[in-house]
Amino acid sequence: MLVPILKQGDFLIATIQSALTDDDLLRLRDDLAEQVGRYRSRGVIVDVTVLDVMDSFAARTLRALAHMVGLRGARTVIVGIQPEVAFAMVQLGLTLGDVETALDLEEGLELLHKRTKRSASRGR
Amino acid sequence: MRSNEGRLTDSAVQPSSESTSGLLQELVAHLRENRTQLREDWARRITESRLLTAMTREEIFAEATAVYDNYVTVLETGSVEALEAYARDLSERIIPRGVEVHELLGIVLLLRDVLARSLFVKYQSKLPLLSRVLDVYEPAANGIATTVAVGFVQERERIIRQQQEAIRELSTPVLQVRERLLILPIIGVIDPQRARQITEQLLRGIRANRAKVVVIDITGVPTVDSTVANHMVQTVDASRLMGATVIVTGLSSEIAQTLVTIGVDLSRMRTVGDLQGGIEEAERLLGYKVIREETGEEPEEEPEATI
C-alpha cells in the first residue's frame, strides 16, 4: 500500500493509511528522502496514528528515514504513536533514538515551525 | 431398632455401604431429637471459651441454631453446597465485625466435640457400635469444619482483593495543572503490577489531555528497586514516543543512593529536586511565566489571586 506524501508549505506530510509491509516502509523512506530534495522541504512529518503495532524493522526504518532526511537538510517528526504502541515498544526495547516525536499532526507541525524558525535565525 | 442394631454389631468387621447410611440416619435422628439440648450446650461452651466476643449472646444463639441445622443437614445429605453458601453468607456478616479465623474454627470444632460427646453418652454401653458410629461421623464432621473454614478464608481474601483494587484505583491520579501539563503524584510502594498500571494511566492521560510535559512526583514512594526503576525509565521513554517530556521530582536521598548503587541508567530521565521545582521547570518548557502582581497597597493578599 502506497503512502501518500503531501506537500504543505515547507513541509512534507506522510500519513500512513494502513498496516505496511517491509517493502512499503522502505519505499516510504526512499520516496521521502528523494522528495525532500526535490521540493527543498525543511521538515518531514510521518503520521503513524493508524499503526497498532510497531516492530523492530519499522522502528529501525523510521530511524534510518530520519537520518537520511537529516543528511538532506530537513528535520523529521514522528507523530501519533498510540499509548499501547508506545508501551509495547519500550517493553520490547525498541527506541527511535534521537528522532523527535509529537502527539499528533497539529503538534508535529507546531514543533517543526518552532525548530525551523530557530535554525533559520541561527543561520542568519 | 434393637434387631437392627444387633445386625450392625454382628457385621461390624465389614461394614457395607447400606449399614453406613443406616448409621448416618440414626445419627441424624439422634441429633434432631436432642437439638435443643445440644444447641444450648454448644452456645454455652462458646461463651465459656470467650469466642465471638464481638457478638451478643442472642446473636451467638441465633447463628448457633443456623449452623447446627446446617450441620445436621450436611450429615444427612452429604451435600456441602448449601453449607458453602451459608458459610459465605455468615463470613460476609461477621468479618466486618472483627471475627477472626481462630474464633470461627474454634466454634465449629466445639460443635464437633459437643456432638461427639453426646454420641459417647448414647453409645457408651455398646463400644463396637460407638466406634462404627464415629467412623461415619468423623469424616463428615471434619469435612464440614474444612468447608466452613475455607469459606471464611475465601471471603476474607475476596475482601482483601477488593480493597487492593480500590487502593490501586485511588492511588494514581493523573491531574492537569495547566494546559498541556500533567502531574502524577505517586504515593506508596510500587510493585511491578502497579508500575504497569501507572504507565498505562499516564499514557492514556497524555493522549486525553494532549499533554506536552508530565511531572511525576515520587516524594511519597519509600523505596525503589531495580525493576521499578527500569519501569520508570520505560515510562519516560514511552511518554517521549508520544511527544511528551517527563520530569521526575522528589527523589529522596535513599532512593537516589539505591539507584546509583544498582546502576540504573537514568541519563534519559530529567529530574528536579521537588514538586515545586518540577512544575517551574515544566512551565519554563511550556513557555509559561508566573508573574506576581504588584498592587502596592496590600501585597500580602494578592499572590493567591495570581497563581
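Just so it is clear, the model here is predicted, and its values are computed rather than measured. Every chain's residues receive numbers from 1 upward, in the order its sequence appears when written. Think of it this way: whatever chain is written first is A, whatever ligand is written first is 1, and the rest follow in order. Selection of residues for local features in this predicted model requires a pLDDT of at least 70, selection of side-chain atom pairs for listing and counting requires 80 or more, and totals for whole chains, interfaces and linings are taken over all residues. With hydrogens and water set aside, each side-chain value is computed from the structure's full complement of heavy atoms.

If you tally the helices and strands in chain A, you get 4 helices and 5 strands. Each helix and strand of chain A, ordered N terminal to C terminal, gives the series β-β-α-β-α-β-α-β-α. Exposed residues in this analysis have more than 50% of their type's maximum accessible area, buried residues have under 20%, and partly exposed residues fall in between, with area computed by a 1.4 Å probe over protein chains only. For chain A, buried positions account for 47% of its 124 residues. Summarising the internal contacts of chain A: among those between residues at least 6 apart in sequence, 70% fall at separations of at least 24. Accessible surface area values rest on a Shrake-Rupley calculation with a 1.4 Å probe, where residue burial reflects the displayed protein chains alone. Here chain A displays about 6400 Å² of accessible surface, and carbon together with sulfur accounts for 50% of that area. Helix and strand definitions follow DSSP, with helices as H or I runs of at least four residues and strands as E runs of at least two, each counted in order from the N terminus. The contact criterion used is simple: two residues touch if any of their non-hydrogen atoms lie within 4.5 Å.

What follows is about helix H9 (residues 226-241) of chain B. For H9(B), with 16 residues, the first-to-last C-alpha span of 23 Å sits near the 22 Å given by 1.5 Å per residue. Taken together, the buried positions of H9(B) are occupied by Val228(B), Ala229(B), His231(B), Met232(B), Val233(B), Thr235(B), Val236(B), Asp237(B), Ala238(B), Ser239(B) and Leu241(B). Buried positions along H9(B) lie against helix H3 (83-92) and strand S5 (100-102) of chain A together with helix H8 (192-209), strand S3 (213-220), strand S4 (245-249) and helix H10 (253-262) of chain B. To estimate the expected span of a helix, count its residues, drop one, and scale the result by 1.5 Å.

Let's shift gears to the interface of chain B and chain A. Listed per partner, the contact involves 19 residues of chain B and 21 residues of chain A. Using a 1.4 Å probe, buried area is obtained as the accessible area two parts lose upon being combined, added over both of them. For the pairing of chain B and chain A, the buried interface totals around 1800 Å² over both sides, and the portion due to carbon and sulfur atoms is 54%. Per-residue buried area on chain B facing chain A is highest for Arg210(B), Leu241(B) and Met242(B); these three make up 36% of the total on that side. Just to be clear on terms, a salt bridge is a Lys or Arg side-chain nitrogen sitting within 4 Å of an Asp or Glu carboxyl oxygen. The interface formed by chain B and chain A holds 6 salt bridges in total. With a shortest N-O distance of 3.3 Å, Glu107(A) and Arg210(B) are connected by a salt bridge. Under the rule applied, a polar contact is a pair of N or O atoms within 3.5 Å (in protein, one hydrogen donor and one hydrogen acceptor; residues adjacent in sequence only if both atoms are side-chain atoms). Applying the counting rule to chain B against chain A returns 8 residue pairs in polar contact (both at pLDDT 80 or more). Mapped by element, the contributors of at least two residues to the side of chain B that touches chain A are H8 and H9 of chain B. At 7 residues, H8(B) tops the list of elements feeding residues into the side of chain B that touches chain A.

What follows is about the sheet that holds strand S1 (residues 175-178) of chain B. Residues and elements named next belong to chain B. Pairing is mixed across the open sheet formed by 5 strands, whose spatial order is S1-S2-S3-S4-S5. Two strands bound the open sheet, and with one partner strand each, they are S1 and strand S5 (270-272). Taken pair by pair, the neighbouring strands of this sheet meet at an average axis angle of 30°, ignoring direction. Across the face of the sheet, H8 comes into contact with S1, strand S2 (181-187) and S3 while running at roughly 165° to S2. Note on pairing: DSSP must find at least two bridges between two strands before they are called paired. Only the stretch in contact is used when fitting a helix axis, every axis being a line fitted to C-alpha atoms; angles between N-to-C directions are given from 0 to 180 degrees.

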